[in-house]
Amino acid sequence: MLGLLVVLSALLYLGPGSADAASITTVTVPDRGGWLVMWPRPGDPTWVNRMEFRCEYSISPASATPPTITWLRGVFADADRQVVYKRSSSGEVYVHPEFAGRVSVPSSNQATLVLTDTKFDDWGRYWCRVTNGEQPDDFGTDEESVLFWYKLGYDPPTRLSQVTLDKTPVRVTAGGTARLDCMGTSGREASILWVKGPADCTQGGRCDGYETVIHKSAVWMGPEPENITIAPNYDGRVSLAADGSGSFTPTLTISDIRPSDAGRYWCAPDISEAYSNLGPLNRDAQSVVIIVNDPGTEPTCTGKADGRYQHPADCAQFYTCTGGLLYGTNNCPAGLVFNQELQLCDWANNVICL
């Protein structure tokens, strides 16, 4: 007796190369790269003491539940960044006591932060973070920042660090090479940092775990060489690009890609602190996702007859081949696995996982 057999005859056509299981979050802060300046005019009755920090996001494929929106203030990847505002996917809202009654995110479709009754102590770098509650990992979490300056009789610092990263997801096969194109602060006086993460972005998690990939130290004048530190996991596999003069630039190349390299990478170049009194607040960052296709665990229809085949990474899944093309991956009902010989979902004790 084979017991319960489930025949799946209606299959969704997904086309060659089915959609990725990962849902990717992308955050865009339109005003990043410069300052938002508040210039108080106490004697002007038309002055409105209100600032908007604009923030937009997309989640693809879309999530069925609202994302968690968090606004932080402080230094990139610093565990001590101040949580200014947080609206969880459950609808629960937290506001830091320092900003009580002064901040809000009015729209449910955007992440724009409104700050009222602004004051000098509010200045700093503000980060808009959006986390997909259905996928609270580095694929589902992105953030960008904007600098806010409350002007009181003197100009803001000059020589701001710059970063512009191509955020299009990079798809690469295991064993291949990924190039992450990042433009921004470069040269001897630049501190160039790449990190991977974050980790632990669940509703109660800190979402502050980052793995350093490579770091080039800044050299301000003097003959000393630039120091480059590479994490052991990437030793011999990562390098920074160079411009025509031989100076390092933020563009990163990762060779001999491994499945464990999949995730979100952050380009965070910074000018030497000798050039700016902002200190570590001068470091901006943007991210891009690497998606790794492992040939050993990816379904393929090359050289296969028409039919359904057990998924090489999970025998509770199967895929369909027609005319040498892949027509999507499907899941068996809970508790069943795919019986390739009988072309249907079956009890596990009747099936050998290939």
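Everything in this summary refers to the structure shown in the same document. Just so you know, the residues in each chain are numbered from 1, in the order the chain's sequence is written. This being a predicted model, a pLDDT of at least 70 is required before a residue's local features are given, and a value of 80 or more before pairs of side-chain atoms are given or counted; all residues contribute to the totals for chains, interfaces and linings. Side-chain numbers here rest on the full set of heavy atoms in the structure, without hydrogens or water.

### With respect to the pairing of strand β25 (residues 325-331)
Here comes step 1: In this description, strands pair whenever DSSP reports at least two bridges between them. To qualify as a helix, a DSSP run of H or I must reach at least 4 residues; to qualify as a strand, a run of E must reach at least 2; elements of each kind are numbered from the N terminus. When strand β24 (residues 317-322) meets β25, the two strands line up antiparallel, connected through five bridges. What sits directly across from Tyr319, in β25, is Thr329.
Here comes step 2: Hairpin connection, β24 to β25: the antiparallel pair is bridged by two residues, and Gly323 has positive phi, about 60 degrees.

### Thoughts on the packing of aromatic side chains
Here comes step 1: Ring pairs shown here join Phe, Tyr and Trp side chains whose ring centres sit within 6.5 Å, with only the six-membered ring taken for Trp; geometry is labelled stacked below 30 degrees between planes, edge-to-face above 60, and tilted in between. Applying the stated criterion to the full structure yields 13 aromatic pairs.
Here comes step 2: Each ring, one from Trp35 and one from Trp149, has its centre 5.1 Å from the other, and the planes form 75 degrees; the classification is edge-to-face. Highlighted residues: Trp35 in strand β2 (residues 35-38) and Trp149 in strand β11 (residues 141-150), separated in sequence by 114 residues.
Here comes step 3: The exposure class assigned to Trp35 is buried, which follows from its relative accessible area of 18%.
Here comes step 4: Over the face of the ring belonging to Trp127 we find Arg81, whose NZ or CZ atom lies 5.4 Å from the ring centre.
Here comes step 5: Sitting above the plane of the Tyr309 ring, Lys304 keeps its charged end 4.9 Å from the centroid. Throughout, exposure labels follow a simple rule: accessible area from a 1.4 Å probe, protein chains only, divided by the maximum for the residue type, with under 20% read as buried, over 50% as exposed, and the rest as partly exposed. Note on criteria: charge over ring means Lys NZ or Arg CZ within 6 Å of the ring centre, with the direction from the centre no more than 35 degrees off the ring normal.

### Remarks on the sheet that holds strand β3 (residues 50-53)
Strands pair in a sheet through their backbones, by hydrogen bonds, and they do so in one of two ways: parallel or antiparallel.
Here comes step 1: If you walk across this open sheet you meet the three strands as β3-β9-β8, and the pairing is antiparallel. The open sheet is flanked by β3 and β8 (103-104), the only strands paired with a single partner.
Here comes step 2: As defined by bridge partners, β8 adjoins strand β9 (residues 113-116) across two bridges and the pair is classed as antiparallel. Each bridged residue has a counterpart across the sheet, and for Val103 the counterpart in β9 is Leu115.

### What about the environment of Thr116?
Here comes step 1: Of note, Thr116 is situated in strand β9.
Here comes step 2: With sequence-adjacent residues up to four places away left out, Thr116 is seen in contact with Asn49, Arg50, Gly101 and Arg102. Residue contacts are defined here by distance: any two heavy atoms, one from each residue, within 4.5 Å place the two residues in contact.

### A few points about the sheet that holds β25
Here comes step 1: Read across the sheet, three strands follow the order β23-β24-β25 without closing on themselves; strand pairing throughout is antiparallel. Edge strands, defined here as strands with exactly one partner in the open sheet, are β23 (307-310) and β25. Mean inter-strand twist for the sheet, computed between neighbouring axes without regard to direction, equals 30 degrees. In this analysis, axes come from line fits to C-alpha atoms, helices being fitted only over the stretch in contact, and the angle between any two N-to-C directions falls in the range 0 to 180 degrees.

### Quick look at the side chain of Thr185
Here comes step 1: With respect to the element layout, Thr185 can be found in the loop between β15 (182-184) and β16 (190-199).
Here comes step 2: Assessed through its relative accessible area of 11%, Thr185 is described here as buried.
Here comes step 3: Pairs of N or O atoms are called polar contacts if they sit within 3.5 Å, as long as, within protein, a hydrogen donor faces a hydrogen acceptor (for residues adjacent in sequence, only side-chain-to-side-chain pairs). Within the structure, Thr185 has its side chain in polar contact with the backbone nitrogen of Gln162 (distance 2.9 Å).
Here comes step 4: Leave out the neighbours within four places in its chain, and Thr185 touches Ser161, Gln162, Ala190, Ile192, Pro250, Pro269, Asp270 and Ile271.

Read these as spatial facts, not as claims about activity.
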